[in-house]
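Summary of structural features
Each chain, written out:
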Amino acid sequence: MLEYGLRFLAGGIAVSAFAAFGDALRPKSFAGLFGAAPSIAVATLLITLSQKGAPFAAVEGRSMMAGALALAAYSWTVCVLLKKLLMSSWTATMVALFVWFVVAFGLSAALFQLS
Amino acid sequence: MIVKFKPSVLRQTRWYEYLFRFVLGGAMTVIAGLIAARFGPVIGGLFLAFPAIFPASATLIEKHVRERKEKAGLPGARRGKEAAALDAAGAALGSFGLAAFGLVIWLMIVPSPAWALVLAAVAWLAVAILAWQVRRWL
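Residues numbered from 1 in each chain as written. Chains lettered and ligands numbered in written order. Predicted model: local features only at pLDDT ≥ 70, side-chain atom pairs only at ≥ 80, totals over all residues.

Looking now at the overall build of chain A. From N to C terminus, chain A includes 6 helices and 1 strand. Each helix and strand of chain A, placed in order from N terminus to C terminus, yields the pattern α-β-α-α-α-α-α. Taken over the C-alpha atoms alone, chain A extends approximately 45 × 35 × 25 Å along its principal axes. The buried share of chain A, taken over its 115 residues, is 52%. Long-range contacts, defined here as pairs at least 24 residues apart, represent 55% of the contacts in chain A between residues at least 6 apart. (Helix = DSSP H or I, 4+ residues; strand = E, 2+ residues; numbered from the N terminus. Buried ≥ 20, exposed ≤ 12 C-beta atoms within 10 Å, placed from the backbone. Contact = placed C-beta atoms within 7 Å.)

Between chain A and chain B, the residue contacts involve 71 residues of the former and 70 residues of the latter. Those elements giving two or more residues to the side of chain A that touches chain B turn out to be helix H1 (2-23), strand S1 (25-26), helix H2 (28-31), helix H3 (39-52), helix H4 (54-83), helix H5 (89-95) and helix H6 (97-112) of chain A. In terms of residue count, the dominant contributor to the side of chain A that touches chain B is H4 of chain A (26 residues). When grouped by side-chain class, the residues that make up the side of chain A that touches chain B number 48 nonpolar, 16 polar and 7 charged. The pairing of S1 of chain A with strand S1 (residues 4-5) of chain B spans 2 bridges and is classified as antiparallel. Residue Arg26 of chain A lies in a different strand from S1 of chain B, and its bridge partner there is Lys4 of chain B. (Nonpolar A, V, L, I, M, F, W, Y, C, P; charged D, E, K, R; others polar. Pairing = 2+ DSSP bridges.)

Right, let's talk about the confidence of the model for chain B for a bit. Of the residues in chain B, 99% reach a pLDDT of 70 or more, and the chain-wide mean stands at 91. The ipTM, which scores confidence in the relative placement of chains, is 0.94 for this predicted complex, and the corresponding pTM is 0.93. (pLDDT = per-residue confidence, 0-100.)

The subject of this paragraph is unusual backbone geometry. Residues and elements named next belong to chain A. The linkage connecting Arg26 with the following residue, Pro27, adopts the cis geometry, with an omega of 0°. Note that Pro27 resides in the loop between S1 and H2. Even without being a glycine, Leu86 presents a positive backbone phi close to 55°.

Two numbers describe how H3 of chain A lies on helix H1 (residues 15-39) of chain B: the axes approach to 10 Å, and their chain directions differ by 50°. In terms of orientation, H3 of chain A and H1 of chain B fall into the oblique class. Relative to H1 of chain B, the crossing made by H3 of chain A is right-handed. Here H3 of chain A contributes Ser39, Ile40, Ala43 and Thr44 of chain A to the contact with H1 of chain B, which in turn contributes Gly25, Met28, Thr29, Ala32 and Gly33 of chain B. Of the residues contributing to the contact of H3 of chain A with H1 of chain B, the split by class is 4 nonpolar, 5 polar and no charged. (Axes fitted to C-alpha atoms, helices over the stretch in contact; angles between N-to-C directions. Parallel < 35°, antiparallel > 145°, perpendicular 65-115°, else oblique. Left-handed = near helix turned anticlockwise from the far one by under 90°.)

Let us now look at H1 of chain A. Given 3.6 residues to a turn, an α-helix orients residues that are three or four positions apart in the same direction. With 22 residues, H1 of chain A should cover 32 Å at 1.5 Å per step; its first-to-last C-alpha distance of 31 Å lies within 8% of that length. The set of residues buried in H1 of chain A consists of Arg7, Phe8, Ala10, Gly11, Gly12, Ala14, Val15, Ser16, Phe18, Ala19, Gly22 and Asp23 of chain A. On the buried face of H1 of chain A, the contacting elements are S1, H2 and H3 of chain A together with H1 and helix H3 (54-71) of chain B. (Expected span 1.5 Å × (residues − 1).)

Before going further, it helps to examine the environment of Lys69 of chain B. Residues and elements named next belong to chain B. Assignment of secondary structure puts Lys69 in helix H3. Distance in space between the C-alpha atoms of Lys69 and Arg79 is 7.8 Å, their sequence separation being 10 residues. When neighbours within four sequence positions are excluded, Lys69 is seen to be in contact with Leu74, Pro75, Gly76 and Arg79.

Quick look at the nonpolar core now. Counting residues in each nonpolar core, the largest one holds 83 residues, and the members touching the most others are Leu71 and Val78 of chain A together with Ala49, Ala88, Phe101 and Ile105 of chain B. When residues in this core are grouped by element, the largest group, 18 residues, is from helix H4 (residues 77-108) of chain B. Both domain 1 (1-52) and domain 2 (63-115) of chain A contribute no fewer than three residues apiece to this core. Not counting residues up to four positions away in its chain, the partners in contact with Ala49 of chain B are Met64, Gly67, Ala68, Ala70 and Leu71 of chain A together with Leu98 of chain B. (Core = buried A, V, L, I, M, F, W, Y, C linked by C-beta atoms within 7 Å. Domains from an automatic or database assignment.)

Structure below.
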């Protein structure tokens with residue numbers, strides 16, 4: 001229970017800090033880089049290292065590469081939905097989650113066989 | 001184009017919007033941990049790059065830009081969407097930095113955990129900025 005409390009606190013702080021830093025940056029396209037900051041990863045890996053060890057964290061890092069490429073596809077899709085179809089941000093970001101799941105699990109299955 | 005840091009913009013964000021992001025970020029970190037514990041590190045690792053707070057951030061950007069434009073008597077709906085789209089384009093470029101972060105963790109965390117975290121953070125920032133710069137040149 002304590003572990004998950006720590007995760008919640010560390011994740012909340014990391015995500016808020018990166019998001020606030022990104023908010024204050026201009027131009028917007030540069031600020032967007034912080035939308036793909038490793039906030040959840042940093043919080044998770046620190047705790048994973050102490051709880052499950054480095055080999056477990058290494059496999060998470062390898063999978064994270066597939067997740068990051070899925071995030072690139074997701075963000076690009078959101079951009080297209082907003083610019084071309086003029087969807088609201090909430091709708092575009094929700095619809096595009098489908099792309100993240102397909103690319104992330106597709107790449108993971110192809111490269112790591114979801115073992 | 002010069003990159004600027006404008007802390008005054010932070011006053012536009014209300015306290016409950018900060019709280020919402022904190023709770024969402026914390027909850028997603030807990031969920032990522034639960035997924036890794038239940039399904040193993042291969043599936044768990046994917047969720048370290050899940051767009052957890054992206055919907056909330058994009059919605060906030062659209063709302064803030066729309067409100068600012070409408071306050072100035074300008075039509076804000078389209079400008080709000082454009083600002084959120086620009087942010088998403090930046091996130092797409094930043095994702096390559098996130099992949100570099102994962103690569104460094106994968107290769108280095110077993111022999112040298114502390115250095116792996118430091119170098120992964122440096123790799124994330126360097127690759128993200130490089131991708132953004134290359135996009136501007138093209």
